[in-house]
Amino acid sequence: MASEALINQLNEILKHEWTGVAQYSQASFIIEGVWREVYADKFLGDAKESFGHAQLVGEKIVALGGVPVATRNEIKQSKNLVEVLEFSRDFEAKAVEMYTKAIELAEPTRSLVVFLEDILKEEQEGVDEYTKLLRDTPASHASMSGEPVRKSG
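Here's a quick rundown of the structure. Small disclaimer: the values here were computed from a predicted structure and weren't measured.

1. A word on the environment of D90
Positionally, D90 belongs in helix α3 (residues 81–106). Overall, D90 belongs to the partly exposed group, its relative accessible area being 40%. A C-alpha to C-alpha distance of 7.6 Å links D90 and V127, two positions 37 residues apart in sequence.

2. What to know about unusual backbone geometry
Following E107, the chain continues to P108 via a peptide bond in cis, the omega torsion being 5 degrees. Within the secondary structure, P108 sits in the loop between α3 and α4 (110–134).

3. Considering the packing of aromatic side chains
Enumeration over the complete set of coordinates arrives at five aromatic pairs. Summarising the aromatic geometry, the rings of Y24 and F91 are spaced 5.5 Å apart at their centres and angled 80 degrees between planes, so their arrangement reads as edge-to-face. Here Y24 is found in helix α1 (residues 4–30), whereas its partner F91 is found in helix α3, with 67 residues between them in sequence. We note that Y24, like F91, is buried. Through a chain of ring-to-ring contacts, three or more aromatic side chains come together here, namely Y24, F91 and Y130. Between K60 and the ring centre of F115, over which it is positioned, the NZ or CZ distance is 4.8 Å.

4. Overview of the pattern of salt bridges
Within this structure, the stated rule accounts for seven salt bridges. Of the charged contacts in the structure, one is a salt bridge between E32 and K79, with a shortest N-O distance of 3.5 Å. One end of the pair, E32, is in the loop between α1 and α2 (36–63); the other, K79, is in the loop between α2 and α3, with 47 residues separating them in the sequence. You'll find E32 and K79 in the same group, each marked exposed. Across the pair D90 and R89 runs a salt bridge, and its minimum N-O distance is 3.2 Å.

Procedures and definitions
Residues numbered from 1 in each chain as written. Predicted model: local features only at pLDDT ≥ 70, side-chain atom pairs only at ≥ 80, totals over all residues. Heavy atoms only, no water. Helix = DSSP H or I, 4+ residues; strand = E, 2+ residues; numbered from the N terminus. Buried < 20%, exposed > 50% of the residue type's maximum accessible area, 1.4 Å probe, protein only. Phe/Tyr/Trp six-rings, centres within 6.5 Å; stacked < 30°, edge-to-face > 60°. Lys NZ or Arg CZ within 6 Å of the ring centre and 35° of its normal. Salt bridge = Lys/Arg side-chain N within 4 Å of Asp/Glu carboxyl O.

Here it is in structure tokens:
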């Protein structure tokens, strides 16, 4: 049986993932305007990812002899797209912290560490993606060729 500290950490992660299901779903519902078509699907996809992580973590808690929580934390919501993107980046960053702590508690059980690292990788990709989405790089300054953009004038 796993340590009580590890089971508790996994349950905190599970609560966080349940929160992600609700928060990302809500964002997909309320996003409006010209970006709705793009971001509603993105947020819904992230809700599904959180649900998948919740399934994995819940099953692992039971396998380790614990009982999974069925609660979530309070969600953050806004109709302002930039705020929603910031909430999302922060949410993913918190998940990275939580999985990193769980990995430390899981040592030296290599299979459990690898299990958690696989999810951690996806969470870090989420941080990276939301960080890039929040960059305000005007299209006139972007270059797809890799060549530096030169200002005229």
